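Architecture and fold: a report
Chain by chain, the residues:
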Amino acid sequence: TTIQTTTTRLFVGSSSGKSSGRVRGRETVALRNNKSDEGNTVRGNAFSSSPPWSLFLCSKEDKEEGRRRRRRMNPRRPTAAFGKDDNRDGFKDVSNIMKKYSKEVPKDVTKVVGTAVNVLGNNNQNNKQNEYNGVFALLFFNFLFFALDHWLQLPMMKMFYLNHVDPTWWQFVTCTFCHASWDHLSSNIFFLYIFGKLIEEEEGAFGVWCSYVATGTGASLASWLMLPKSVGGVLGMGAAATVSLGASGAVFGLFAVSVLVKLKFEWKRILEVVVLGQFVMERFLNEAAMIGKVGGVGAGGVNHVAHLAGALAGVVLIALLSKILPE
C-alpha cells in the first residue's frame, strides 16, 4: 500500500506590526509499505524539510537517488568542447554549444561568434598547412647556385647556363636558377617570394614548382629561338656564344599564374584579381613596348623576350590545366 501525505509550511514575517504568511514550499512524502523485511522507505523531493541528521538514517540507495535528482535539477554545463581528446585546442563544436546556451541571442550573432572561435581554433592547423615549402625550396636553390657560382667560383657552374650555340636539354631548366650578379638575384627572388606564395596558397608546393619550371622552360626556349646565337659575328661564326640565365622569365610566368588561379566569382577574389592584375598587365605591356623599341635584348643585357614569353607560358599553362582538370 502507498500512503501520500501533503504538508504545507508557512513562514511568518512581520511588516508594520502585521503578520503575513506566505507559502514557500510544498513537499510530498511517500510512505511505502512493501510488506517485506526491508521495512518502510521514506523519499522526499528537493524541498524536503527533514532534519539534517535524517540523512544518516537513509539507506545508501536513497542517498544515491537524491544525488541523481539533484543533478537532474541542476545540470552542469557540458565540458566536451574542452576535453583532452580535442584535436583543436578546446574549440571543438563551439558553434553548437553557442546555439544551445544562447537561445535569447539572435541566431546570426551566435553563428558569427561560433564561426570566429572555430577559426581561431583552426589556426594551428592552417599554420602547419601554409608552411610554403615549395617557395622556400625554390629560394634555396637560387641562393645555392649563386653561392657556388660567384662565391666559391666553381667553373662547372657555367655549364648550367643556356648556351645558344650548343645547348643541352637540361640547360633550359637549370639556367633559371643561375644569375649574373647579386642585383640580378635580389630583384628576382623578391618577386619569386611574393608571387610564389600566392600560387602555393592555391595550388600547393607541387603547383608552384610546376609553374616555375614550366614557365621558366618556356621563356628559355623562346630566348633560344628568337635571340641571336652569338654576340657579334654572323650566325654564331667568329663570335662568343650567347648565354641566357636568370629566373626573371619564370617570375613573369608566376605573375600570370598568380592572377589566373585567383579567378573565381567571389568578391574577395575579384578584388585580388584587380590588385594583382593591374600590376601584371603593366609589366606585360612594358615588356612588349621594350621589345618594339630595342628588340629582344635591352640595355644591360635584359632579356625582354624571356620576360614576355614567360608570362605567355603562364597563360598557356593555366589554359591547358583548366581543360584537363576543370575542377
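As the structure is a computational prediction, the values presented were derived from the model and not from experiment. (Residues numbered from 1 in each chain as written. Predicted model: local features only at pLDDT ≥ 70, side-chain atom pairs only at ≥ 80, totals over all residues. Heavy atoms only, no water.)

Quick notes on the overall build of the chain
To keep things clear, this is the line we draw: Every helix listed is a DSSP run of H or I at least four residues long, and every strand listed is a run of E at least two residues long, numbered separately from the N terminus. Accessible area is worked out with a 1.4 Å probe on protein chains only. A residue is then buried under 20% of its type maximum, exposed over 50%, and partly exposed in between. The contact criterion used is simple: two residues touch if any of their non-hydrogen atoms lie within 4.5 Å.
What the chain contains, in helices and strands, is 10 helices and 7 strands. In the chain, which comprises 327 residues, the proportion classed as buried is 31%. Counting only contacts in the chain whose residues sit at least 6 apart along the sequence, the fraction spanning at least 24 positions is 61%.

Quick word on the environment of Met159
Here Met159 is to be found in the loop between helix H5 (133–151) and strand S4 (162–163). The class of Met159 is partly exposed, set by a relative accessible area of 39%. In this structure, the C-alpha to C-alpha distance between Met159 and Trp170, residues 11 residues apart in sequence, is 10.0 Å. Once residues within four sequence positions are removed from consideration, Met159 is found in contact with Trp170 and Gln171.

Describing the side chain of Thr242
In this fold, Thr242 is placed in the loop between strand S6 (240–241) and strand S7 (243–244). According to the relative accessible area criterion, Thr242 is buried, its value standing at 13%.

Topic: the nonpolar core
What counts is decided by this rule: Buried residues of nine kinds, namely Ala, Val, Leu, Ile, Met, Phe, Trp, Tyr and Cys, make up a nonpolar core once their side-chain atoms join them within 4.5 Å.
Counting residues in hydrophobic clusters, the biggest one holds 34 residues, and the most contacted among them are Leu192, Phe195, Tyr212 and Phe255. Among the secondary structure elements, those contributing two or more residues to this core are H5, helix H7 (182–226), helix H8 (248–260), helix H9 (267–294) and helix H10 (304–324). Among the elements that take part in this core, H7 stands out by supplying 9 residues, more than any other. When residues no more than four places from it in sequence are discounted, the contact partners of Phe255 are Phe191, Phe195, Phe279, Val280 and Arg283.

Some words on the pattern of salt bridges
Quick reminder of the rule: Any carboxyl oxygen of Asp or Glu within 4 Å of a side-chain nitrogen of Lys or Arg constitutes a salt bridge here.
A complete count under the given rule lists 10 salt bridges for this structure. As a salt-bridge pair, Glu64 and Arg67 come within 3.2 Å of each other at their nearest N and O atoms. Taken together, the residues span about one helical turn, with Glu64 and Arg67 both in helix H1 (residues 60–73) at a distance of 3 residues. For Glu64, a relative accessible area of 31% puts it in the partly exposed group. A residue is classified by how much of its surface remains accessible, and Arg67, at 39% relative accessible area, is partly exposed. Among the salt bridges present, the one from Glu65 reaches Arg68, with a minimum N-O distance of 2.8 Å.

Concerning unusual backbone geometry
We note that Tyr132 has phi near 55°; this positive angle belongs to a residue other than glycine. Along the polypeptide, Tyr132 turns up in the loop between helix H4 (123–129) and H5. Unusually for a residue other than glycine, Gln153 sits at a positive phi of about 55°. In this structure, Gln153 sits in the loop between H5 and S4.

What to know about the confidence of the model for the chain
What counts is decided by this rule: Per-residue confidence from the predictor is given as pLDDT, running between 0 and 100.
Of the residues in the chain, 61% reach a pLDDT of 70 or more, and the chain-wide mean stands at 74. Scored below 50 in pLDDT, residues 1–48 makes 58 contacts in the model with residues more than four places away or belonging to other chains. Ignoring residues within four places in sequence, the model shows residues 123–128, a span with pLDDT below 50, making 3 contacts including any to other chains.

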